[in-house]
Amino acid sequence: MTDASAVDDAKDIEKLYQYGERLNEAKDKSQHVEDYKGIIEATKGSIKAKQLAAQLIPRFFKHFPDLQTQAVEAHLDLCEEEELGVRVQAIRSLPLFCKDNPDYVSKFVDILAQLLMAEENVERDAVQKALMSLLRQDVKASLTALFKYVATVDEGAYENIREKVLNYIRDKIFPLKAELLKPQEQMERHITDLIKKSLQDVTGSEFEMFMEFLKSLSIFGDKAPPERIQELVQISEGQADLDAQFDVEDGDHIDRLISCLSMAIPFFVRGGSNSKFLNYVNKHIIPVFDKLPNQERKLDLLKNLAESSPYTTPQDSRQILPSVVQLLKMCMPRRKTEEMNFTYVECLLYTFHHLASKAPNATNSLCGYKIVTGQPSDRLGEDFSEYHKDFMERLTCAEELSRATMKKLTQGLDEHNKAMAAAVSDEAKERIKLQKQNSTAGLRTCNNILAMTQPLHAKSPSFIGDKRINLSWKEATKPTPSAATGAGAKRPGGVLSMVQVIMQQRKVGELGVCRTSLSTGHLKVYHMVGEVVVEVEVEAEGGVDVAEAGAIDSFLFLFPCSYCYTCGNGSQARGHGVGNWMKEEGTRMCLRMHRQCSLYRQFSVCRGCYLTFRKVQAFKFAFIIVKLV
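These numbers were taken from a predicted model, which means no experiment stands behind them.

Turning to the overall build of the protein chain, a few remarks are in order. Within the protein chain one finds 23 helices and nine strands. In the protein chain, which comprises 629 residues, the proportion classed as buried is 48%. By sequence separation, contacts in the protein chain at least 24 residues apart represent 68% of the contacts at least 6 residues apart. Taken as a whole, the protein chain presents about 32100 Å² of accessible surface, with 48% of it coming from carbon and sulfur.

Moving on, we get to the pattern of salt bridges. The tally for this structure, following the rule as stated, stands at 26 salt bridges. Each of Arg 189, Asp 193, Lys 196 and Glu 231 takes part in salt bridges that share partners, so that together they form one network.

Turning next to the packing of aromatic side chains. This model, assessed by the stated rule, comprises 16 aromatic pairs. Here Tyr 369 and Phe 463 contribute two aromatic rings whose centre-to-centre distance is 6.2 Å and whose plane-to-plane angle is 65°, an arrangement assigned as edge-to-face. Of this pair, Tyr 369 sits in the loop between helix 19 (364–367) and helix 20 (385–422) while Phe 463 sits in the loop between helix 21 (426–453) and helix 22 (498–505), and the two are 94 residues apart along the sequence. Each of the two residues, Tyr 369 as well as Phe 463, counts as buried.

A cluster of acidic residues, Asp 247, Glu 249, Asp 250 and Asp 252, forms a negative patch on the protein surface. Mapped onto the fold, Asp 250 is located in the loop between helix 13 (226–240) and helix 14 (251–269).

Turning to the packing of helix 4 (residues 68–78) against helix 5 (residues 84–97), a few remarks are in order. Remark: helix 4 packs on helix 5, axes separated minimally by 8 Å, with the N-to-C direction vectors making an angle of 145°. Contacts between helix 4 and helix 5 involve Val 72, His 75, Leu 76 and Leu 78 on the former and, on the latter, Val 86, Arg 87, Ala 90, Ser 93, Leu 94 and Phe 97. Looking at the contact of helix 4 with helix 5 residue by residue, the classes come out as seven nonpolar, two polar and one charged.

What follows concerns the confidence of the model for the protein chain. Chain-level statistics for the protein chain give a pLDDT mean of 77 and a share of 73% at 70 or above. For the stretch residues 478–629, pLDDT sits under 50, and the model shows 273 contacts to residues farther than four places along the chain or on other chains.

Structurally, the position occupied by Met 209 is in helix 12 (residues 204–216). The exposure class of Met 209 is buried, given its relative accessible area of 18%. Taking the C-alpha atoms as reference points, Met 209 and Arg 170, separated by 39 residues in sequence, lie 7.9 Å from one another. If we skip the residues at most four places from it in the chain, Met 209 touches Leu 166, Arg 170 and Phe 174.

Ranked by size, the top nonpolar core spans 154 residues in total, and within it Tyr 36 and Phe 352 carry the most contacts. Once residues within four sequence positions are removed from consideration, Tyr 36 is found in contact with Leu 23, Leu 56, Ile 57, Phe 60, Phe 61, Phe 64, Leu 67 and Ala 71.

Below, the discussion takes up the packing of helix 16 (residues 295–308) against helix 18 (residues 342–358). Where helix 16 meets helix 18, the axes come as close as 8 Å, and the angle between the chain directions of the two elements is 25°. In terms of their interaxial angle, helix 16 and helix 18 are classed as roughly parallel. Relative to helix 18, the crossing made by helix 16 is left-handed. Residue-level inspection shows Gln 295, Lys 298, Leu 299, Leu 302, Lys 303, Leu 305 and Ala 306 of helix 16 in contact with helix 18, the latter providing Thr 343, Tyr 344, Cys 347, Leu 348, Tyr 350 and Thr 351. Of the residues that constitute the contact of helix 16 with helix 18, the class distribution is eight nonpolar, three polar and two charged.

Examined against the element boundaries, Leu 143 turns out to sit in helix 8 (residues 139–150). Here the alpha-carbon distance between Leu 143 and Val 109, two residues 34 residues apart in the chain, equals 8.7 Å.

Further remarks concern the side chain of Ser 365. Along the chain, Ser 365 turns up in helix 19. Not counting chain neighbours up to four residues away, the residues in contact with Ser 365 comprise Arg 379, Phe 384 and Tyr 387.

A word on the side chain of Thr 192. Residue position: Thr 192 is located in helix 11 (residues 184–197). If we skip the residues at most four places from it in the chain, Thr 192 touches Leu 214, Leu 217, Ile 219, Phe 220 and Glu 231.

All of the buried residues along helix 4 are Gln 68, Ala 71, Val 72, Ala 74, His 75, Leu 76 and Leu 78. Buried residues along helix 4 sit in contact with helix 2 (33–41), helix 3 (47–59), helix 5 and helix 6 (105–115).

Further remarks concern unusual backbone geometry. Look at the link from Lys 182 to Pro 183: it is a cis peptide, with omega at -5°. Note that Pro 183 resides in the loop between helix 10 (177–180) and helix 11. For Asp 241, which is not glycine, the phi torsion reads 60° and is therefore positive. Position of Asp 241 relative to the elements: it lies in the loop between helix 13 and helix 14. Even without being glycine, Arg 379 reaches a positive phi, approximately 50°. Among the secondary structure elements, Arg 379 is positioned in the loop between helix 19 and helix 20. We classify Arg 379 as partly exposed; its relative accessible area is 35%.

Parameters at a glance
- Each residue is numbered by its place in its chain's sequence as written, counting from 1.
- A pLDDT threshold of at least 70 governs which residues receive local features in this predicted model, and a stricter bar of 80 or more applies before side-chain atom pairs are shown or counted, although totals over entire chains, interfaces and linings include all residues.
- In computing side-chain values, all of the structure's heavy atoms are included and hydrogens and water are not.
- Numbering of helices and strands runs from the N terminus; a helix is a DSSP stretch of H or I covering at least four residues, while a strand is a stretch of E covering at least two.
- The rule is simple: take the accessible area with a 1.4 Å probe, protein chains only, and divide by the maximum for that residue type; under 20% is buried, over 50% is exposed, in between is partly exposed.
- Whether two residues are in contact is decided by their heavy atoms: any pair within 4.5 Å suffices.
- Only the protein chains shown count as cover for residues, with accessible areas throughout obtained via the Shrake-Rupley method and a probe of 1.4 Å.
- A side-chain nitrogen of Lys or Arg and a carboxyl oxygen of Asp or Glu constitute a salt bridge if their distance falls within 4 Å.
- In summary, the pairing rule links any two rings of Phe, Tyr or Trp, Trp by its six-membered ring, whose centres are within 6.5 Å, and it sorts them by plane angle into stacked for under 30 degrees, edge-to-face for over 60 and tilted for everything else.
- The patches reported here contain residues having more than 30% relative accessible area and no salt bridge. Joining distances are 9 Å for like charges and 5 Å for nonpolar side chains (Val, Leu, Ile, Met, Phe, Trp, Tyr).
- Charge counting follows a simple rule: Lys and Arg are positive, Asp and Glu are negative, and His as well as the terminal groups are ignored.
- Think of each charge as sitting on NZ of Lys, CZ of Arg, CG of Asp or CD of Glu.
- Only the contacting stretch of a helix is used when fitting its axis, a line to C-alpha atoms as for every element, and angles between N-to-C directions run 0 to 180 degrees.
- Charged means Asp, Glu, Lys or Arg here, nonpolar means Ala, Val, Leu, Ile, Met, Phe, Trp, Tyr, Cys or Pro, and polar covers whatever is left, Gly included.
- Summary of the metric used: pLDDT quantifies the predictor's per-residue confidence within the range 0 to 100.
- Nonpolar cores are built from buried Ala, Val, Leu, Ile, Met, Phe, Trp, Tyr and Cys residues. Side-chain atoms within 4.5 Å join them into one set.
- Oblique is the label for any angle not covered by the other classes, which are roughly parallel (under 35 degrees), roughly antiparallel (over 145) and roughly perpendicular (65 to 115).
- Should the near helix be turned anticlockwise from the far one by less than a right angle, the crossing is left-handed, and should it be turned clockwise, the crossing is right-handed.

See below:
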């Protein structure tokens with residue numbers, strides 16, 4: 001820069017300061033039109049003049065309505081200047097135009113949305129802050145302008161802008177919804193409508209993001225009326241495209257439908273209707289289930305169907321049951337030599353129970369049951385014995401396959417524990433840990449199958465329509481831990497189960513070991529099924545192989561003992577006779593050491609839990625913890 005041009009620049013800056021001072025001091029600023037024109041003209045001057053003009057133009061903007069168009073155009077030119085400092089100053093000043101001229105909010109938000117593409121961090125930061133300032137000035141107009149880019153389906157440059165705008169909405173607007181969306185109900189409704197209009201062409205992750213945000217709004221909160229919850233269901237239905245003709249080759253539609261059904265399940269729990277989803281699945285997908293291309297998506301579909309089934313109406317249950325029973329029979333083999341997908345069967349049995357609990361007599365013509373409701377649909381005069389025979393055979397086969405698999409998985413858990421103890425590298429430990437988790441999940445699946453098949457053997461079965469079955473892939477609801485027993489405090493019922501003590505100290509799938517001697521007698525295992533107790537006596541010589549039990553409410557294990565594991569006392573200790581113990585529920589004292597004998601306690605497990613007892617050798621009693629209480 002020459003000395004002459006430096007002098008000229010200084011003169012221009014001096015003039016700008018003079019324009020600004022006169023306008024500041026003037027009572028009627030509109031009389032100083034030439035001064036404001038001079039400021040606008042400075043946008044074509046030096047870098048410093050442009051930066052100063054970017055500050056002065058919006059400051060006096062409202063006083064010169066006839067020059068507003070010219071002023072805005074000149075200022076927007078500064079937003080595109082090559083010099084970073086000029087661009088940043090012009091961007092920071094944009095919100096100042098709208099303080100007294102709110103009609104410009106939409107225009108400037110539109111421009112700032114495009115400027116989100118800026119590569120320089122300082123410029124991009126200025127854009128984001130300017131947008132937030134405009135949102136606080138007029139949130140409705142700002143959101144409307146921003147969502148215009150979300151709803152666009154144009155490719156090319158606009159697609160890149162759309163991505164930047166979506167990221168801004170997700171990262172900057174959604175977290176501040178409580179601050180920005182005021183008045184709350186009105187603005188939450190406005191942004192909901194904007195989102196609904198923007199869902200015509202969104203990706204799966206974008207749809208999930210919008211649904212998570214909508215669920216967080218107060219208008220869809222815990223106190224939302226049923227019609228609001230149904231609105232969320234309808235949004236999911238629209239995204240799933242349930243009015244489209246189904247094509248089994250259209251993997252994208254299948255993925256979208258399954259994902260939308262999964263996202264809608266929490267709305268079914270809150271009272272939304274699953275009728276349209278399940279009827280579409282029943283009519284179009286279950287009949288071609290075996291033709292679906294993706295095995296993983298097949299499982300996802302059945303899991304979603306199972307989780308949706310408790311919220312199905314009796315009318316829909318009656319319509320869907322035939323397809324579910326047919327698919328269930330297809331998945332349950334008649335011979336043990338055939339393979340069975342255990343999770344498929346778990347899902348379908350769960351769905352069957354919940355649908356049948358709402359339309360029990362519909363199973364008469366499907367499974368050959370004899371359920372009497374007094375309605376013509378009972379069809380008691382018709383012979384469905386062949387259906388019943390076929391269904392019972394398949395149930396029995398499923399049970400036998402489940403027990404055999406549980407036996408293998410239980411043995412595998414013991415091997416995993418040994419391998420874990422021998423593992424050295426972290427990679428090996430992680431691999432074994434994953435194997436143990438898979439085995440444990442498999443045990444839960446098989447146990448659920450046994451729990452759901454057992455009631456179905458009766459001619460007039462009782463269907464499980466409550467929450468007693470916890471699906472194997474769902475986290476169990478842990479009961480509130482009882483307060484620790486303090487000194488002098490009484491234990492509940494006078495009994496503290498040794499199983500419960502060990503369960504508190506070990507994880508699912510670990511091997512728990514207690515020493516005892518079975519040499520003086522035999523092991524008595526009490527299987528408690530409802531109110532019926534079945535006693536099984538097993539000789540202890542050479543070890544005991546107690547078969548896995550399933551489909552039971554709880555277990556009671558009683559056994560004689562001549563060796564106290566807690567204090568080491570021998571069989572001479574008073575109270576160590578099994579007869580005395582069985583007469584008197586509770587614990588006995590080992591007189592020699594005056595300590596409580598932990599072996600003389602009742603083994604009990606709450607409903608749905610499962611313990612497997614394997615290879616009970618003399619002086620060693622081993623069991624696998626499959627599920628925590």
